[in-house]
Amino acid sequence: MTTKQISVFLENRPGTLAEFCKVLQKNNIDMRAMCVADAMDFGIARVIVDNVYDTVTVLKDEGYVCQITKVLTVEMEDRPGALSEILALLGEQNINLEYTYAFLTREKDKAYLVIKVADNAAAADILKKNGVKVICQDELEKIFGD
Amino acid sequence: MSKYFSPEKETASREQIVEWQNAGLVDCVKRVWDNVPYYRKKMEKKGVTPDDIKGIEDLHKLPFLTKDDLRDAYPYGLLARPLSDCVRIHSTSGTTGRRVVAFYTQNDIDLWDECCARALTAAGATEEDVVQVSYGYGLFTGGFGLNGGSHKVGCLTLPMSSGNTDRQIQFMTDLGATVLCCTPSYAAYLGESIHERGVRDKIRLKAGIFGAEAWTEEMRRDIEETLGIKAYDIYGLTEISGPGVAFECENQDGMHINEDYFIVEVIDPKTGEVLPDGEKGELVFTAFAKEAFPLLRYRTKDICILSREKCSCGRTFVKMTKPLGRSDDMLIVKGVNVFPSQIETVLLNHGYAANYQIIVDRHKNSDSLEVRVEMTPEMFSDELSKVSAKERELVAGLKSMLGIHADVKLVAPKSIVRSEGKAVRVIDKRNLYKG
Ligand SMILES: [Zn+2]
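Let me begin by describing the structure that accompanies this report.

1. Considering the sheet that holds strand S9 (residues 255–257) of chain B
Residue and element names in this part refer to chain B. Overall, mixed pairing links the 9 strands, which are arranged S4-S3-S5-S6-S7-S8-S9-S14-S13 in an open sheet. At either margin of the open sheet sits one strand with a lone partner, and together these are strand S4 (156–159) and strand S13 (306–307). The sheet contact formed by strand S7 (residues 230–235) and strand S8 (residues 246–248) spans 2 bridges and is antiparallel. Opposite Tyr235, over in S8, you have Ala246 as the bridge partner. Strand contacts of helix H8 (residues 184–196): strand S5 (179–182) and strand S6 (207–211), with the helix running at about 130° to S5, the strand carrying the most contacts.

As structure tokens, this is what we get:
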């Protein structure tokens, strides 16, 4: 029911994000989505990749502090209003979003939304009950594989 | 059953203590002069002879001994008795260069055991108690010291040594240990492990004596809470015998120094000048009662404050604070003494690793202090707010320890410059502006 995101600690100095991307590139890791959150003195990159465990191994070898985070990924129609409808569903049930970001694949007319909440199961239930498609890791990999 | 192990010593009048110290010092200086050419040369260089030392008021005339002296004199250079009179050695782990070896006669061991027996008694141990000694046994003084003290009190002693947590917890529960002796970090670890295993209700511990490591009041409260005990601090260095040179009483408010065996001074680490009680400075010990390795004016590099305020426990021995830092790495920032060890303690207490760097700078005549801390997997989260909250707690922790604000900067793992494997701890950029 959840998908795996890799969260990576980035120091706040010029070039850290570029270095990070270069590491992925050097190791032929295809980054499907990325979102960076910045604090004053550090940043956190959240990435969606094809092969989670290999990527974590590469990053750890390169000296990064990273972790696999379970997040919800939902399918949305690529049309105005789709995002706000989904967010409204969660909002109505008082579910707080820690963060969210969207990505596209080669699939036409579809977008994907990554959602981080405190209770994945509860949020997934609400979404499913309301007809929103929540994607599991296997499905996500299949989408990337196509 | 007394609350003191040796009441006639521990509650002696100041006049009596000074009398012991005067006689002990005069005797010790003579013994050292006659038997330790290394120190005799130091005295001659300073123009002092045993005749100049009539009591503790003359102590300041004697030259200091430092760890460098101990290394130079390795192994036998400071030995005051023939080897045939010695029964044991202990040694400090040398991170740099040569080790330091200290020798003990049987009397020296007895004296040391007595010190540890006083510490255990002050922590409430009697012959009814079961004392689990989880300090390392070996060259390190922790294990043997508390072991000897425990025997002397008549406690059932469990010589566990360090490590093997499963076995530690098994013996602790099966044999009903009531007093635990180990490093504070190991006590904290044992506490966590006991909770993880769900055997907290099988633990009979009531007290613990934790030393050989810097620890904070915060850590004390944590340990006391997790293990349901009173946690006591103990102080000692291998060079001046081992743990038990000073120990905490029931007030847990500073450590009483065994003044019938040791004379303590606090000096200005820069000038060597003796400071009045109550002022922060480097601890200097004269171990006049020891036979094999009687150090005169040994500089510990530990920064402390002495207090002669009357203690409600009834002991008359002077009290020292926990070491507040090390003299060799003291920084003065905004007029306040800052020790890297204090910062390290706060970092460890907040769950960070001891991989850090302190950067002191000065802009427009105002000092700034920045602590760079390497991120660890344990402290990381995918949520910015969680990492930031931990960071803010750290800033607050540093402020309460140091008394001044320090900026915290989280940096990538292994990004702190290491020279020859050791991290460069302090970068003082203010030096650049000097003439
Ligand atoms: Zn007291």
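Having seen it, we continue.
2. Concerning the pattern of salt bridges
A complete count under the given rule lists 39 salt bridges over all chains for this structure. Across the pair Glu259 of chain B and Arg308 of chain B runs a salt bridge whose closest N-O atoms are separated by 3.4 Å. In this pair, Glu259 of chain B is assigned in the loop between S9 and strand S10 (263–267) and Arg308 of chain B in the loop between S13 and strand S14 (319–320), connecting sequence segments 49 residues apart. Residue Glu259 of chain B is classed as buried on the basis of its relative accessible area, which comes to 1%. Here the salt bridges share partners, and the residues they tie into one network are Lys116 of chain A together with Asp382, Glu383 and Lys386 of chain B.

3. Brief notes about a nonpolar patch on the surface
All names here are of chain A. A surface patch of nonpolar side chains, about 190 Å² in accessible area, is lined by Leu17, Met34 and Val36. Inspection of the secondary structure assignment puts Met34 in strand S2 (residues 31–38). For Met34, a relative accessible area of 31% gives the class partly exposed.

4. Comments concerning the coordination of the zinc ion
Residue and element names in this part refer to chain B. At this site the zinc ion is bound by Cys249 (SG), His256 (NE2), Cys311 (SG) and Cys313 (SG), with donor distances of 2.1 to 2.3 Å. Here the zinc ion is ringed by 4 donor atoms whose angles at the metal span 102 to 113°, and the overall shape comes out tetrahedral. Of the residues examined, Cys313 reaches a relative accessible area of 1% and is grouped as buried.

5. What about the interface of chain A and chain B?
Contacts between chain A and chain B engage 21 residues on the former and 18 residues on the latter. In total, about 1600 Å² of surface goes out of reach between chain A and chain B, with carbon and sulfur atoms giving 61% of it. With its nearest N and O atoms 3.0 Å apart, the salt bridge here joins Lys116 of chain A to Glu383 of chain B. Inspection of the chain A/chain B interface yields 8 residue pairs in polar contact (both at pLDDT 80 or more). For the side of chain A that touches chain B, the secondary structure elements donating two or more residues are strand S1 (3–11), S2, strand S3 (42–49), strand S4 (66–77) and strand S5 (97–104) of chain A. At 5 residues, S1 of chain A tops the list of elements feeding residues into the side of chain A that touches chain B. Here the residues of the side of chain A that touches chain B sort into 9 nonpolar, 6 polar and 6 charged.

6. Let's talk about helix H3 (residues 82–92) of chain A
Residues and elements named next belong to chain A. Every buried residue of H3 is listed here: Ala82, Ile86, Leu89 and Leu90. Buried residues along H3 cover an arc of 90° about the axis, so they all sit on one side. Buried residues belonging to H3 abut S4, S5, strand S6 (110–117) and helix H4 (120–129). Positive phi shows up at Asn94, right after H3, with a value of about 60°.

7. Describing the nonpolar core
By size, the foremost hydrophobic cluster in this structure holds 74 residues, and its most contacted members are Leu62, Phe285 and Met320 of chain B. Sorting elements by how many residues they give to this core places helix H5 (residues 106–122) of chain B first, with 9 residues. Beyond its immediate stretch of four places on either side in the chain, Met320 of chain B contacts Tyr235, Ala246, Gly254, Met255, Ile257, Leu283, Phe285, Cys304, Ile305 and Leu306 of chain B. Within the second largest apolar cluster, 29 residues are counted, among which are Val65 of chain A together with Val360, Val373 and Ile404 of chain B.

8. A look at helix H5 (residues 137–145) of chain A
Residues and elements named next belong to chain A. Buried within H5 we find Gln137, Leu140, Ile143 and Phe144. When H5 is viewed along its axis, its buried side chains cluster within an angular range of 120° and face the same direction. Looking at H5, the residues exposed on the side facing more than 90 degrees away from the buried face are Asp138, Lys142 and Gly145.

9. Some thoughts on the environment of Leu275 of chain B
Residues and elements named next belong to chain B. Tracing the backbone shows Leu275 in the loop between S10 and strand S11 (281–286). Residue class for Leu275 comes out buried when judged on its relative accessible area of 16%. Considering only alpha carbons, one finds Leu275 and Leu306, 31 residues apart in sequence, at a separation of 9.9 Å. Ignoring anything within four residues of it in the chain, the contact list for Leu275 reads Val266, Ile267, Asp268, Lys280 and Gly281.

10. A short note on the packing of aromatic side chains
One pass over the full model with this rule turns up 15 aromatic pairs over all chains. Between the aromatic rings of Phe9 of chain A and Phe42 of chain A, the centroid separation amounts to 5.9 Å while the plane-to-plane angle is 20°, which identifies the pairing as stacked. With a gap of 33 residues between them, Phe9 of chain A in strand S1 and Phe42 of chain A in strand S3 connect regions that are remote in the sequence. On the basis of relative accessibility, which here comes to 2%, the residue Phe9 of chain A falls in the buried class. For Phe42 of chain A, a relative accessible area of 0% puts it in the buried group. With 5.3 Å between their ring centres and 65° between their planes, Tyr137 of chain B and Phe144 of chain B make a pair best called edge-to-face. Overall, Tyr137 of chain B belongs to the partly exposed group, its relative accessible area being 25%. Put simply, the rings of Tyr235, Tyr261, Phe262 and Phe285 of chain B pair up and form one aromatic cluster. Residue placement shows Arg46 of chain A over the ring face of Tyr99 of chain A; its charged tip is 3.5 Å from the ring centre. A cation over a ring is seen here: Lys9 of chain B above Trp20 of chain B, with NZ or CZ 5.8 Å from the ring centre.

Reading the values: the criteria
Residues numbered from 1 in each chain as written. Chains lettered and ligands numbered in written order. Predicted model: local features only at pLDDT ≥ 70, side-chain atom pairs only at ≥ 80, totals over all residues. Heavy atoms only, no water. Pairing = 2+ DSSP bridges. Helix = DSSP H or I, 4+ residues; strand = E, 2+ residues; numbered from the N terminus. Contact = heavy atoms within 4.5 Å. Axes fitted to C-alpha atoms, helices over the stretch in contact; angles between N-to-C directions. Salt bridge = Lys/Arg side-chain N within 4 Å of Asp/Glu carboxyl O. Buried < 20%, exposed > 50% of the residue type's maximum accessible area, 1.4 Å probe, protein only. Patch = residues over 30% accessible without salt bridge, like charges linked within 9 Å, V, L, I, M, F, W, Y side chains within 5 Å. Areas by Shrake-Rupley, 256 points an atom, 1.4 Å probe, with all protein chains shown as cover. Donors = N, O, S within 2.8 Å, 3.2 Å for Na, K, Ca; no water. Tetrahedral: all angles 85-135°; square planar, octahedral: opposite > 155°, others 65-115°. Buried area = accessible area lost by both parts, 1.4 Å probe. Polar contact = N/O pair within 3.5 Å; in protein donor to acceptor, adjacent residues only side chain to side chain. Nonpolar A, V, L, I, M, F, W, Y, C, P; charged D, E, K, R; others polar. Arc of directions from axis to C-beta. Core = buried A, V, L, I, M, F, W, Y, C linked by side-chain atoms within 4.5 Å. Phe/Tyr/Trp six-rings, centres within 6.5 Å; stacked < 30°, edge-to-face > 60°. Lys NZ or Arg CZ within 6 Å of the ring centre and 35° of its normal.

Honestly, it's all geometry; don't read function into it.
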